[in-house]
Amino acid sequence: MIPAAFEYYAPTTVAEAAKLLAKHGDDAKLLAGGHSLIPLMKLRLAQPKAVIDLRGVSELSYIKEASGGLSIGATTTYYQITSSRAVAKAAPVLAEAAGMVADVQVRNMGTIGGSLSHADPAGDLPAVVLALNASISTATSAGKGRTVPIDSWFVGLLTTSIKPGEIVTGVSIPALAHMTGTAYEKFANKASRYAIVGVAAVITLDTSGACKDVRIGVTGAGPHAVRAAKTEAALKGKKLDEATIQKAAGAAADGIDCLSDVHASAEYRTHLTKVCAMRAIQKAASRAK
Ligand SMILES: Cc1cc2nc3c(=O)[nH]c(=O)nc-3n(C[C@H](O)[C@H](O)[C@H](O)COP(=O)(O)OP(=O)(O)OC[C@H]3O[C@@H](n4cnc5c(N)ncnc54)[C@H](O)[C@@H]3O)c2cc1C
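A short tour of the structure in this document, coming up. On a predicted model such as this, the values are computed, not experimentally measured, just so you know.

1. Comments concerning the overall build of the chain
Looking only at helices and strands, the chain features 11 helices and 14 strands. The C-alpha radius of gyration computed for the chain amounts to 19 Å, which stays within 12% of the reference 19 Å derived for 289 residues, consistent with globular compactness. Taking the principal axes of the C-alpha coordinates as reference, the chain spans close to 60 × 45 × 30 Å. Buried residues in the chain amount to 51% of all 289 residues. Contacts in the chain between residues far apart in sequence, at least 24 positions, make up 62% of those at least 6 positions apart. Accessible surface, the chain: about 13,300 Å² in total, of which carbon and sulfur atoms supply 55%. Considering the chain, the positive charge centre built from 31 side chains and the negative charge centre built from 23 side chains are found 2 Å apart.

Written as structure tokens, this is what we have:
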């Protein structure tokens, strides 16, 4: 399939890209790795008149350590994330999940900013950034950039709280507390590796071994990634023995309107959410140190 005709722009700075986006408005699409946008354009489900390519904007590609946490530029690829020592140290679950995305070709091209902007219901990183309590930075041509807490970023199917004219510039991840363990468990589509369901867990234990803090992100199950609030509440303050974990994981799909499609029924997704949650919690708790 061949996309509809479009004008192609290759800015080299965020300011230049934001200006182009402001000029072309709804007729424009930003291009990052292209691994979601280009297939949509080929199918003519997206027909932007202007494509603004961010790959030449070098200031958007970085991984920086920041007060024990991380600051990651929007066009940083999955490959750069999964092979970064800084990410392995400060947010190992992000490196783990980025390494599970698709195949090496997709990981070499796809970007964290593209993934979080596209908000595919089966994308891996949305669950992980929710569990890591990340925040997203944006920029506009009018200097009205924002920092958006991740809990208010994913709002619907392929929909985020990004505003017209905004470019995602980066993702900030706070430092993990002492005695924290992290894990990502996914049941992948055998062909694409997209998550039928994926669950990320970030668990902090106190000195007695009880759960002091926990964030669980779920992707694949519903129209957009969400936190498993009931599971988190059922773990907090408790010793994480088998019975507690099993009971808490059993609530992981509560409140999610599970999708039903050619890949899995809603019933199967509900089951997978509980299983992935149990495994992610067990693994994260065993890694807490
Ligand atoms: C065969 C295949 C298998 C895949 N398997 C998986 C998988 O297992 N797990 C997974 O998570 N994903 C998977 N993907 C999707 C892949 O991760 C995409 O790369 C990702 O969803 C989008 O990132 P991108 O950088 O390619 O964005 P693009 O396709 O370039 O852009 C996607 C959307 O985000 C917007 N956008 C991009 N960057 C910005 C920005 N900085 N600011 C604002 N808006 C922006 C674009 O305008 C567009 O609307 C797969 C894709 C393919 C083709």
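Don't stop here, the text continues.
2. Topic: the pairing of strand β4 (residues 63-66)
Where β4 and strand β5 (residues 69-73) come together, four bridges link them in antiparallel fashion. Paired with Glu65 across the two strands is Leu70, which belongs to β5. Hairpin connection of β4 to β5: two residues between the antiparallel strands, including Ser67 at a positive phi of 50 degrees.

3. Quick word on the packing of aromatic side chains
Tallied over the full model, the rule gives one aromatic pair. Arranged with centres 6.0 Å apart and planes meeting at 80 degrees, the rings of Phe187 and Tyr268 form a pair that is edge-to-face. In this pair, Phe187 sits in strand β11 (residues 180-188) while Tyr268 sits in helix α11 (residues 266-287), placing the two residues 81 residues apart along the sequence. Judged by its relative accessible area of 35%, Tyr268 is partly exposed. The ring of Tyr62 carries the charged tip of Lys64 above its face, separated from the ring centre by 4.4 Å. Positioned above the aromatic ring of Phe187, the side-chain terminus of Lys190 is 5.1 Å from the ring centre.

4. Quick look at the site of the ligand
For the ligand, the set of nearby residues contains 30 residues, the closest of which are Leu30, Leu37, Tyr78, Thr111 and Arg193. One of the backbone N or O atoms of Val168 is found 2.8 Å from a nitrogen atom in the ligand. With the chains in place, 90% of the 960 Å² that the ligand exposes on its own is no longer accessible. Sorting the residues of the shell around the ligand by element identifies β2 (28-31), α7 (112-118) and β10 (167-173) as the ones contributing at least two each. With four residues, the single largest contributor to the shell around the ligand is α7. A per-class count over the shell around the ligand returns 14 nonpolar, 12 polar and four charged.

5. Points about the nonpolar core
If you look at the biggest cluster of nonpolar residues, it comprises 41 residues, and the most contacted ones within it are Leu94, Leu116, Phe154 and Ile173. At the level of secondary structure, the elements contributing two or more residues to this core comprise β5, α3 (78-82), α4 (85-90), α5 (92-98), α7, α8 (125-131), β10 and β12 (195-205). Residues lining this core come from more than one domain, with at least three contributed by each of domain 2 (58-173) and domain 3 (180-287). Contact partners of Phe154, with chain neighbours within four places excluded, come to Leu116, Ala119, Pro126, Val129, Leu130, Thr159, Thr160, His224 and Ala225.

Reading the values: rules and limits
Residues numbered from 1 in each chain as written. Predicted model: local features only at pLDDT ≥ 70, side-chain atom pairs only at ≥ 80, totals over all residues. Heavy atoms only, no water. Helix = DSSP H or I, 4+ residues; strand = E, 2+ residues; numbered from the N terminus. Rg over C-alpha atoms; globule rule 2.2 N^0.38 Å. Buried < 20%, exposed > 50% of the residue type's maximum accessible area, 1.4 Å probe, protein only. Contact = heavy atoms within 4.5 Å. Areas by Shrake-Rupley, 256 points an atom, 1.4 Å probe, with all protein chains shown as cover. Lys, Arg positive; Asp, Glu negative; His and termini not counted. Charge placed at Lys NZ, Arg CZ, Asp CG, Glu CD. Pairing = 2+ DSSP bridges. Phe/Tyr/Trp six-rings, centres within 6.5 Å; stacked < 30°, edge-to-face > 60°. Lys NZ or Arg CZ within 6 Å of the ring centre and 35° of its normal. Near = heavy atom within 4 Å. Polar contact = N/O pair within 3.5 Å; in protein donor to acceptor, adjacent residues only side chain to side chain. Nonpolar A, V, L, I, M, F, W, Y, C, P; charged D, E, K, R; others polar. Core = buried A, V, L, I, M, F, W, Y, C linked by side-chain atoms within 4.5 Å. Domains from an automatic or database assignment.

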